[in-house]
Number of protein chains: 2
Amino acid sequence: MSTIIDDLRKGDVPQWLLQTARNENLQPERLVESIVRGHVVIPQNRCHMNLTPVAIGSETRVKINANIGTSPATCDYENELQKVKAAVDAGADAVMDLSISGDTSAFRKRILEEFDITLGTVPIYDAMIGLDNTEQLNFSHFMRIMEKQAKEGVDFMTIHAGLLKRHLPLVEKRTLGIVSRGGALIAQRMKHQNEENFLYANFDDILAVASTCDITLSIGDGLRPGGTCDANDAAQFGELEVIGELVGRCRAANVQVMVEGPGHVPLHLIEENVRKEKTLCDGAPFYVLGPLVVDYAAGYDHIAGAIGGALAGMYGADFLCYVTPAEHLRLPSLEDVHEGVIASKIAAAAADLARKRPDAVLRNLQMSQARKSFDWDTQERLSIDSDKFSRYLEKVETVSSGVKTHQACSMCGEWCAIRRLQ
Amino acid sequence: MSTIIDDLRKGDVPQWLLQTARNENLQPERLVESIVRGHVVIPQNRCHMNLTPVAIGSETRVKINANIGTSPATCDYENELQKVKAAVDAGADAVMDLSISGDTSAFRKRILEEFDITLGTVPIYDAMIGLDNTEQLNFSHFMRIMEKQAKEGVDFMTIHAGLLKRHLPLVEKRTLGIVSRGGALIAQRMKHQNEENFLYANFDDILAVASTCDITLSIGDGLRPGGTCDANDAAQFGELEVIGELVGRCRAANVQVMVEGPGHVPLHLIEENVRKEKTLCDGAPFYVLGPLVVDYAAGYDHIAGAIGGALAGMYGADFLCYVTPAEHLRLPSLEDVHEGVIASKIAAAAADLARKRPDAVLRNLQMSQARKSFDWDTQERLSIDSDKFSRYLEKVETVSSGVKTHQACSMCGEWCAIRRLQ
């Protein structure tokens, strides 16, 4: 089987790609060139039939992912499906199933049947479910899981292949060590078995599976900082160098690849973090979790994450993994999912405007014009969450030249500055 | 009467200033020097007895203001007092009474009696209440109002003295024109009477009142952009130049002064906006509203404002006026006030960390250490909103070496990375 990059190199441009280019206001040739260079990915498993693909990378709108999935404490797949719906309704571009309990395969089947959204997984989770300890976790078992998920139709997979034995002493210097679930599994196994990360050692086999179903690899950052004190340290950047090497191997195999990033990063280190990824990974799309710009906003980490995500997006991050108000505290509720997606979309919107994306410039301008003309319907339609807009809006009657109107909102009423100067 | 700057120049350092310096981890001499140079202000009306003063400016923590007050549509002072309480409880450093209906004086009396928080006003609002049009608004009436508020104990006052006749043609080029209530009043009067802004023309009289009660002037930006499309334009920066001149006049009169700023500003223009203020206004504290980094987040403008506020704070803004989820839609509810203050505090916290304020660095570090050791009580105590933290937290039992613990939260349970590597 050939990947999309194989096809594009041969000059075979599929019909759906023209639509994706239109969605991004890009010339198809330009999008093709960016995909072939590896600066844009369009995750799309060959077995995923009912998908509306999205482009992720430079020159495209910043995209949003919502994590859903069970935990050992809470395993209710009907509720998780509701969360997928909440994420899709709020405008997520992709969802990742991060389930770590229950029949994950049946769950993903439902997602793929009921939604047309891009789906990602972390196959090492499924590989670990049911095992007693990481000593039982071996590469052949991992491969069976990855192949199974590939055949299900998963579009992109997180592979923690950049974390190596030589990074472990660097982790000792950290306050918070390793906070990535996948990274912790790999690190524990490397320590106990005193062997190299099997995802790195067998990366060619992973590439072969990815190539077969045209899966986009998302190289996980097992050493993402879990506190701002650990950001941009030798451990994180050491892993990123290896990730850069893996990006090169993906490209040589014509497998689409993106790179995952932090985590907790103070505002003043975000630019360095993004630029480092773009340099070490030769422009590969950067997929960041937050980043959270302060450590003690639990309950409001969607806001801390939106601040970091907006800034990361301005500097070149391409794909924002949402953070919900439940981060660090519990599995998110339906409402948490909604709040998380909206906060990330605001961050993405801010980044798109800063990057001067023509459609972002236009939407902001139209909103301002609608404000100027008190066109509430257009404002509602353009709003990030039209339901909340209409729920919150309190229009008040004002009198202008003897004529009653419903022009102003209840904050200023007749004192509305725009109304005054009309 | 002498102002605090008069006193400090004479070497009279009041006792309370030592405590303010301690609150900021600053040497008193350093704080005194910054106040005398005008890089820090401590708004404190000589008639305001029951006040815990806060320092605003370079080298101090970024501070938060919450706007409260009535509108023509909603005039319920008991409810507004509840909002002051909500703002104080959430951690606001100051409140501004922006009431534009009812008996504002009686309301402020209640605030000053019941709270020890810094209080600001926009006296031109009171001056306009009860008038039919801006033609009736004249400087002697304005002065009576300002003097009355000064005697009440108001600590800082917004004066829209920088907006001049020559700026009005620049406003015509904008999409949204003028969105500041005070700016619109002044502009309307200048147009109708074809005369210069009376706040500018009579600024020495304003300085005299400010000097008498030691009121801090906050020079309002009547031309703050109301849409990202109007940010950093000739109108805004034209007014800012005049504000810079007024800052010089305040300093010459030993009157403390800060400068108000936008508004709606896209991410990539925030740095220029802040640096321009610091340059044109010779390091005067910068007090920004948001800024909102996207125009269509109504319902979530507290998040759009937190993104802008964090970035502005990193570049040097000193005082963040909160934005609530109700912005552009209605007068905020109690819950909106709470959400607005918390979002601004997260922005301020992010900026303080980026500015490497020692107490911010420490609090983040302590939070990470508490996470590492599963010390939930310390995490709750350090959190931005301890109530929400405890309401959200779902601890789950995990088994470690045969011993049950309550270590992990329900997101990961036994899969918790930190727990795994312990």
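Residues numbered from 1 in each chain as written. Chains lettered and ligands numbered in written order. Predicted model: local features only at pLDDT ≥ 70, side-chain atom pairs only at ≥ 80, totals over all residues. Heavy atoms only, no water.

### A look at the sheet that holds strand S9 (residues 286-289) of chain B
Residue and element names in this part refer to chain B. Test applied: Strands pair, by our definition, only if DSSP identifies at least two bridges between them. Starting at the N terminus, helices and strands are each numbered in turn, a helix being any DSSP run of H or I of at least four residues and a strand any DSSP run of E of at least two. Axes here refer to lines fitted to C-alpha atoms; in helices the fit is confined to the stretch in contact. Angles between the N-to-C directions go from 0 to 180 degrees. Contact definition: two residues touch when any of their heavy atoms are within 4.5 Å.
Judged by pairing direction, the barrel is parallel, and its eight strands sit side by side in the order S3-S4-S5-S6-S7-S8-S9-S10 before closing back on the first. Across this sheet, the average inter-strand angle for adjacent strands is 25°, counted without regard to direction. Sheet topology note: the strand S8 (residues 257-261)/S9 ladder contains three bridges and is parallel. Bridge pairing in S9 links Glu260 to Tyr287. Helix H12 (residues 234-252) contacts strand S7 (216-219) and S8 of the sheet and is inclined by roughly 165° relative to S8.

### Side note on the state of the cysteines
All names here are of chain B. We apply this condition: Any two cysteine sulfur atoms lying within 2.5 Å of each other are counted as a disulfide. Three exposure classes are used, based on accessible area relative to the maximum for each residue type with a 1.4 Å probe and protein chains only: buried under 20%, partly exposed in between, and exposed over 50%.
Under the criterion given, the structure shown has zero disulfides over all chains. Cysteine Cys412 remains unbridged, with the sulfur of Cys416 as its closest cysteine sulfur at 6.0 Å. Since its relative accessible area comes to 16%, Cys412 is described here as buried.

### Observations regarding the interface of chain B and chain A
Counted only if it meets this: Put simply, buried area is how much 1.4 Å-probe accessible surface two parts lose in total, over both of them, once they are put together. Salt bridges are defined by distance alone: a side-chain nitrogen of Lys or Arg within 4 Å of a carboxyl oxygen of Asp or Glu. In the analysis that follows, any N or O atom pair within 3.5 Å is treated as a polar contact, provided that within protein one partner can donate a hydrogen and the other can accept it, and provided that, for residues neighboring in sequence, both atoms belong to side chains. Residue polarity is assigned by list, with Asp, Glu, Lys and Arg as charged and Ala, Val, Leu, Ile, Met, Phe, Trp, Tyr, Cys and Pro as nonpolar; anything else, Gly included, falls into the polar class.
Between chain B and chain A, the contact holds 93 residues from the first and 93 residues from the second. Interface of chain B and chain A: buried area, both sides summed, is about 8,200 Å²; carbon and sulfur atoms make up 69% of it. Considering only the surface of chain B that becomes buried against chain A, Tyr296, Tyr300 and Trp415 of chain B emerge as the three largest contributors, covering 12% of it. Here chain B is connected to chain A by zero salt bridges. At the junction of chain B and chain A, the tally comes to 24 residue pairs in polar contact (both at pLDDT 80 or more). When residues in the side of chain B that touches chain A are grouped by element, the largest group, twelve residues, is from helix H15 (residues 334-354) of chain B. For the side of chain B that touches chain A, a count of residues per class yields 59 nonpolar, 19 polar and 15 charged.

### Observations regarding the pattern of salt bridges
Considering all chains together, one arrives at 48 salt bridges over all chains under this definition. When the shortest N-O distance is used, the salt bridge between Glu245 of chain A and Arg249 of chain A registers 4.0 Å. Note that Glu245 of chain A and Arg249 of chain A are positioned in helix H12 (residues 234-252) at a spacing of four residues, about one turn of the helix. Overall, the relative accessible area of 36% leaves Glu245 of chain A in the partly exposed class. Between Arg46 of chain B and Asp7 of chain B there is a salt bridge, and its shortest N-O distance comes to 2.9 Å.

### Describing the nonpolar core
Formally: By nonpolar core we mean a set of buried residues, namely Ala, Val, Leu, Ile, Met, Phe, Trp, Tyr and Cys, connected to one another through side-chain atoms within 4.5 Å.
Judged by nonpolar contacts, the single largest core of 282 residues is most densely connected at Phe142 and Leu217 of chain A together with Phe142 and Leu217 of chain B. Once residues within four sequence positions are removed from consideration, Phe142 of chain A is found in contact with Pro123, Ile124, Ala127, Ile159, Phe198, Leu199 and Ile206 of chain A.

### Re the domain arrangement of chain A
Residues and elements named next belong to chain A. Under the convention used in this document: All the domain ranges listed were derived from an automatic or database domain assignment.
Segmenting chain A into domains produces domain 1 (4-355) and domain 2 (359-421). A C-alpha centroid distance of 39 Å is found between domain 1 and domain 2. Counting residues at the interface gives nine residues for domain 1 and six residues for domain 2. The junction of domain 1 with domain 2 conceals about 620 Å² of combined surface from both sides, 63% of it contributed by carbon and sulfur atoms. Three residues, Asn25, Ile342 and Leu353, lead the burial of domain 1 against domain 2; their summed loss comes to 49% of the area buried on that side. Linking domain 1 to domain 2 there are zero salt bridges. Our count for the domain 1 to domain 2 interface comes out at one residue pair in polar contact (both at pLDDT 80 or more). The dominant element in the side of domain 1 that touches domain 2, judged by the number of residues it contributes, is helix H15 (residues 334-354), at six residues. When grouped by side-chain class, the residues that make up the side of domain 1 that touches domain 2 number three nonpolar, three polar and three charged.

### What to know about the relation of the copies chain B and chain A
Applied cut-off: For the least-squares superposition of copies, only C-alpha atoms count, and only for residues with pLDDT at least 70 in both.
Each copy superposes on the other: chain B lies on chain A with an RMSD of 0.0 Å after a rotation of 180° and an axial shift of 0.0 Å. Viewed as a symmetry operation, the transformation between the two copies matches a two-fold axis. When C-alpha distances to the rotation axis are compared across chain B, the minimum falls at Ile307 of chain B, with a value of 2.3 Å.

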